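Notes for the structure review
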Amino acid sequence: MSRLRTVLIAVMSLVVLTACSGAGDGSSRELTVWIMGDSSDRFQELVEPFSARTRIRVETVAVPWDSIDQKFTTAVASGKGPDVLQIGLSKLRAYTRSGALLDLAGPTLKGHPGLAARGFVDRTALSGGHASSVPWSSDTRVLFYRSDILAAAGITEPPRTWEQVRADAKVLTARDGGGYGFFIPQWDSALPVIMTWSMGGDIVDAHRRIDFGDPAFRRAVDLYTGLYADGSVPADGDFDQVQGFVSGATPMLVSGPYLAGAISEAAPELAGRWAVAPIPGDVTHTSLLSGSHLGVWRTGHDRDAALRLLDFLSEPRTQLAWYRLDGQLPAVRSALDEVRHAAGPQAAVYAGQLSEARPLPQVPDWDSRTGKALLDALNSIVLTGADPGTALRELSAATRGTSAS
Amino acid sequence: MSRQIIPYAFIAPAMLLLLAFGVLPIAVALLVSLTDLDLAGLGDWAGAGYVGLDNYRSLLADSAFWQAMANTGVYTVLGVPAVVVTSLAVALLLNRSEGRFFRALRAFYFVPAVTAIVAVSLVWGYLYNTQFGLLNHLLGVAGLPPVRWLTDPALVKPSVAVVAVWRGTALNIIIFLAALKAIPREYLEAAALDGASELRRITSIVLPLLRFAIVFVTVTTVIAWLQIFDEPYVLTKGGPLGASTSVSLFLYQQGFSSGRFGYAGAGTLVLFLVIAAVTLLQVRARRLDAS
């Protein structure tokens with residue numbers, strides 16, 4: 001029955017996609033844009049000036065984060081995709097390899113100086129021979145903490161090193177009224193990597209291959225499992241990070257700027273009782289550079305219009321407008337500098353952290369292979385009491401040799 | 001001549017649907033399973049290469065696949081008897097009266113079959129939630145510690161199976177009720193006149209006459225549970241640590257999240273063969289039983 005359902009869904013998506021792309025014929029120019037998550041209405045608002053100026057209509061389609069793979073696969077299979085689509089950084093390599101995106105290297109971008117690599121915070125996508133996307137928004141991870149709860153427990157400063165995090169978390173867990181000290185999302189494969197970086201190590205070796213043999217990674221594992229062993233983090237995988245932070249059950253965690261929006265929405269009265277700080281670190285304070293890019297569908301019907309839209313979206317003032325509308329940090333360096341100086345202490349922390357941030361290794365499939373193997377190894381230690389030595393050996397065996405160019 | 005064509009004309013629509021949505025996909029899966037088709041190959045078929053039986057070899061060496069097979073086995077062993085026994089018992093109880101209350105109950109028991117799976121998962125997710133869930137709240141009232149229903153690797157399979165049983169009973173209750181209605185009243189009245197107790201009437205008259213319905217429900221339920229997908233997908237996405245991943249979910253993840261279509265195709269064929277073998281065994285057993 002479920003197989004039949006899958007087939008039906010595939011057929012229906014094809015019908016819908018055909019209907020969507022069929023509407024673009026005729027004399028007026030129109031672009032279909034896939035925007036991730038629930039930002040599509042605000043995106044429509046953002047591009048209104050563009051449509052008014054160029055008379056190119058923009059049709060925004062909202063795509064939920066966890067169904068992008070199916071939608072993309074269906075679009076590749078049918079050959080009918082959007083004109084422009086937002087791509088999460090962790091999917092970039094797989095989507096580029098699919099061949100569905102327009103190669104933006106070299107001559108294609110002539111006449112679009114705003115899209116040159118040097119203007120962006122993250123230059124990885126446009127360096128080298130192949131480029132299938134331009135950066136669109138930046139994201140990073142910082143330390144969120146409840147200043148009121150930390151102060152009540154006698155902690156006046158947010159922790160600066162991981163050792164302090166562990167010690168403070170112990171103190172907070174022991175406070176009256178119960179609760180924990182820290183929160184580790186069991187689905188967050190970036191956190192152990194951030195821990196490794198900030199302990200001065202890496203998970204990629206000199207030959208650009210995945211290598212979990214670094215002593216700093218071993219220290220990160222000790223930290224990750226130690227927080228569980230201390231009883232400082234909740235062990236249930238369905239723990240709600242926003243509720244945990246708002247209720248005070250988990251007064252510290254590592255997350256991205258989107259959490260600030262979620263907290264303000266869930267508990268506006270909490271303003272002033274929480275703050276953000278740079279990622280703790282023993283050697284560096286390196287955090288994750290993530291975010292999303294925009295790609296152009298190779299077989300789209302109006303390539304010129306798509307590139308003009310990309311041009312518009314990477315203008316510093318568009319990027320600033322997007323930060324004000326949606327809270328996503330700019331990917332363009334000059335716009336980011338402006339945010340850092342003009343948009344309050346929180347934004348300054350984000351922007352500062354972005355200057356000390358790096359992307360996850362560009363492996364063929366981080367989410368469902370390399371990152372998943374990493375999480376499975378760590379979580380098997382903390383949830384089922386697996387032997388750390390065995391779990392890490394299996395992790396190394398499962399990921400050895402994965403190229404991370 | 002025309003007389004010979006007529007029967008074929010009648011079965012043609014069903015046959016065409018079966019060919020288009022049953023046989024053709026399996027044939028395609030078989031072909032794909034011999035290639036290394038991925039996202040790139042999907043856009044340009046020339047990019048996919050023939051790899052022989054490599055996919056099958058790595059599938060059989062993949063511990064995640066065997067974990068999913070074992071999970072599916074556990075689901076089936078837990079779920080099928082529970083579904084068959086529960087729906088039969090509920091049907092027998094519902095059949096006791098034609099009153100308005102019983103007719104309302106009948107509709108009530110059918111609700112899970114027509115409720116959208118997304119709503120089902122949301123509500124059950126809230127019931128099971130470790131922090132805020134109703135179940136743990138009740139445990140707390142009784143002075144018991146909270147239980148990690150969906151996030152404890154040992155507990156997650158029974159928790160997911162309960163939801164699937166709840167959904168699975170709905171349709172089968174209706175099937176049993178229809179079969180119960182077909183049992184002639186005279187048999188039961190005659191037995192009652194002869195002084196047979198109610199239990200005796202059920203075991204000696206009702207159950208034997210329900211045999212075909214029971215076999216039908218068992219066979220279709222086994223097939224459904226070997227393909228279980230919806231419940232683990234919406235409740236846990238297969239976690240924690242793959243402890244609730246069924247074979248169908250594993251194949252979906254390999255195909256649609258990782259883009260390994262050849263690999264997923266090989267798994268699909270293995271699952272198809274397992275289901276075909278189990279179903280043949282059941283049908284054969286029934287034939288032996290009948291003769």
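Quantities reported herein were computed from a predicted structural model and do not represent experimental measurements.

Conventions used here
- Residues numbered from 1 in each chain as written.
- Chains lettered and ligands numbered in written order.
- Predicted model: local features only at pLDDT ≥ 70, side-chain atom pairs only at ≥ 80, totals over all residues.
- Pairing = 2+ DSSP bridges.
- Helix = DSSP H or I, 4+ residues; strand = E, 2+ residues; numbered from the N terminus.
- Axes fitted to C-alpha atoms, helices over the stretch in contact; angles between N-to-C directions.
- Parallel < 35°, antiparallel > 145°, perpendicular 65-115°, else oblique.
- Left-handed = near helix turned anticlockwise from the far one by under 90°.
- Contact = placed C-beta atoms within 7 Å.
- Domains from an automatic or database assignment.
- Nonpolar A, V, L, I, M, F, W, Y, C, P; charged D, E, K, R; others polar.

Whether parallel or antiparallel, the strands of a sheet pair through hydrogen bonds between backbone atoms. Residues and elements named next belong to chain A. Taken in spatial order, the three strands make up an open sheet running 6-5-7, and their pairing is antiparallel. Looking at strand neighbours, the two that pair on one side only are strand 6 (252-255) and strand 7 (275-277), the edges of this open sheet. Taking each pair of neighbouring strands and ignoring which way they run, the sheet shows an average axis angle of 30 degrees. Where strand 5 (residues 142-145) lies against strand 7, three bridges are found, and the strand directions are antiparallel. Across the sheet, phenylalanine 144 pairs through a bridge with valine 276, a residue of strand 7.

The next point concerns the packing of helix 8 (residues 190-198) of chain A against helix 9 (residues 215-229) of chain A. Two quantities define a packed helix pair, namely the angle between the helix axes and the distance between the axes. Residues and elements named next belong to chain A. One way to put it is that helix 8 packs onto helix 9 with a least axis distance of 8 Å and a crossing angle of 125 degrees. Here helix 8 is positioned oblique relative to helix 9, judged by the angle of their axes. The chirality of how helix 8 crosses helix 9 is right-handed. On the side of helix 8, the interface is formed by Pro192, Met195 and Thr196, while helix 9 contributes Ala216, Phe217, Ala220, Leu223 and Tyr224.

Now for the domain arrangement of chain A. Interface extent is often summarised as the accessible area lost during association of the parts. Residue and element names in this part refer to chain A. Along its sequence, chain A is carved into domain 1 (27-139 + 290-354) and domain 2 (142-288 + 360-399). Computed over C-alpha atoms only, the centres of domain 1 and domain 2 are separated by 29 Å. Counting residues at the interface gives 12 residues for domain 1 and 17 residues for domain 2. Mapped onto the side of domain 1 that touches domain 2, the elements with two or more residues apiece are helix 5 (92-97) and helix 15 (344-354). For the side of domain 1 that touches domain 2, the per-class residue count stands at four nonpolar, six polar and two charged.

Another point: the interface of chain A and chain B. At the interface, 29 residues of chain A touch 27 residues of chain B. Of all the secondary-structure elements, those providing two or more residues to the side of chain A that touches chain B are helix 1 (2-22), helix 4 (68-78), helix 5 and helix 16 (366-384) of chain A. With seven residues, the single largest contributor to the side of chain A that touches chain B is helix 16 of chain A. Class assignment of the residues belonging to the side of chain A that touches chain B gives a composition of nine nonpolar, 11 polar and nine charged.

All names here are of chain B. Relative to each other, helix 5 (residues 100-114) and helix 8 (residues 156-181) sit at 125 degrees, their axes nearing to 7 Å. With respect to their mutual orientation, helix 5 and helix 8 come out oblique. Here the hand of the crossing between helix 5 and helix 8 comes out left-handed. Only Trp166, Arg167, Ala170, Leu171, Ile173 and Ile174 of helix 8 make contact with helix 5, whose side of the interface consists of Tyr109, Phe110, Pro112 and Ala113. Here the contact of helix 5 with helix 8 is composed, by residue class, of nine nonpolar, no polar and one charged.

Residue and element names in this part refer to chain A. Although it is not a glycine, arginine 55 adopts a positive phi angle of roughly 60 degrees. On the secondary structure map, arginine 55 appears in the loop between helix 3 (48-54) and strand 2 (56-63). For arginine 208, which is not glycine, the phi torsion reads 60 degrees and is therefore positive. Tracing the sequence through the fold places arginine 208 in the loop between helix 8 and helix 9.

Before going further, it helps to examine the environment of threonine 72 of chain B. Looking at the element boundaries, threonine 72 of chain B is found in helix 4 (residues 63-94). Beyond its immediate sequence surroundings of up to four residues, threonine 72 of chain B is in contact with Leu226, Ile228, Ser246 and Val247 of chain B.

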